[in-house]
Amino acid sequence: MSKLQKMIYISLLVAQGVIIGLLENMIPYPFGFAPGAKLGLANLITIVAIFTMKKRDSFLLLWLRLFLTTLLGGTISTFLYSMSGALLSYVGMLLVKQLGPKRVSIIGISATGGFMHNVGQLLTASFIAQSWTVMLYLPILSFLGILSGLAIGISANYLLKHVRTLQRFQADYDRQTNSQWQSVFLKK
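All of these numbers come straight from a predicted model, not from anything done at the bench.

A closer look at helix 7 (residues 164-177)
- Between its first and last C-alpha atoms helix 7 spans 20 Å; for 14 residues at 1.5 Å apiece the expected length is 20 Å, and the two agree.
- Of all the residues in helix 7, the buried ones are Leu166, Gln167, Phe169, Gln170, Ala171, Asp172, Tyr173 and Asp174.
- Positioned one or two residues after helix 7, Asn178 has a phi angle of 55°, which is positive.

Digging into the packing of helix 5 (residues 106-129) against helix 6 (residues 138-162)
- Contact geometry of helix 5 with helix 6 gives a least axis separation of 6 Å together with a crossing angle of 145°. Between helix 5 and helix 6 lies a crossing of right-handed hand.
- Class assignment of the residues belonging to the contact of helix 5 with helix 6 gives a composition of 14 nonpolar, eight polar and no charged.

Quick word on the pattern of salt bridges
- Applying the stated criterion across every chain yields a total of one salt bridge.
- Among the salt bridges present, the one from Lys6 reaches Asp57, with a minimum N-O distance of 3.7 Å. One end of the pair, Lys6, is in helix 1 (residues 3-26); the other, Asp57, is in helix 3 (residues 55-73), and 51 residues separate them in sequence.

Some thoughts on the layout of surface pockets
- Its boundaries defined by the atoms lining it, the second largest pocket holds a volume of some 250 Å³.
- Here the element with the most residues in the lining of the second largest pocket is helix 1; it accounts for six residues.
- Residues belonging to the lining of the second largest pocket are distributed by class as follows: eleven nonpolar, three polar and no charged.

Some details on the nonpolar core
- Counting 30 residues, the largest nonpolar core has Tyr9, Leu13, Ile47, Phe51, Met53 and Leu61 as the members making the most contacts within it.
- Counting residues per element, the ones that place at least two in this core are helix 1, helix 2 (43-52), helix 3, helix 4 (76-97), helix 5, helix 6 and helix 7.
- With seven residues, the top contributor of residues to this core is helix 2.
- For Leu13, the contacting residues outside a window of four places in its chain are Ile45, Val48, Ala49, Met53 and Leu61.

Reading the values: rules and limits
- Residues numbered from 1 in each chain as written.
- Predicted model: local features only at pLDDT ≥ 70, side-chain atom pairs only at ≥ 80, totals over all residues.
- Heavy atoms only, no water.
- Helix = DSSP H or I, 4+ residues; strand = E, 2+ residues; numbered from the N terminus.
- Expected span 1.5 Å × (residues − 1).
- Buried < 20%, exposed > 50% of the residue type's maximum accessible area, 1.4 Å probe, protein only.
- Axes fitted to C-alpha atoms, helices over the stretch in contact; angles between N-to-C directions.
- Left-handed = near helix turned anticlockwise from the far one by under 90°.
- Nonpolar A, V, L, I, M, F, W, Y, C, P; charged D, E, K, R; others polar.
- Salt bridge = Lys/Arg side-chain N within 4 Å of Asp/Glu carboxyl O.
- 1 Å grid on protein atoms, 1.4 Å probe; cavity = no way out; pocket = protein on both sides within 12 Å on 5 of 7 lines; lining within 4 Å.
- Points joined across faces, edges and corners; volume = space filled by probe spheres on them.
- Core = buried A, V, L, I, M, F, W, Y, C linked by side-chain atoms within 4.5 Å.
- Contact = heavy atoms within 4.5 Å.

Now the structure itself:
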């Protein structure tokens, strides 16, 4: 992949992530018993990025998506919560991905991301509130985060199996990193 193709690909994914994030901000909270809980649909783009580009490029994508989403429809506090959740989620997904395709699927990696995102946000809330009692909210958010992560993982798996452009980027990424994930996605 040329440098121009890589920049265009990152730009398209960032744009998609920002649009999904802004649309999700317009949706009323779907969980009445868990105020503030969201579906995390923009994480779909992060998962696609983790499986189709180098860590450095996917990390850049993550930062650009966070910054632009906040700039277009957020505040400093939403940026802090989003940043802490997204960074912890990203690191957690990369660590779990290291287990390999024989031990964990993309769905498991995504569920890890959903869980870790909530942990990151609650750690930030605990720091701001200067109280660990905020962490009592973790079981409810963990359950919702894992469910959301499962749904997003299923969606990402579907996209990586059926979108030819993503398959091409995945194959290119696999050749560069000597990874075996592509064969898992192409099984029918």
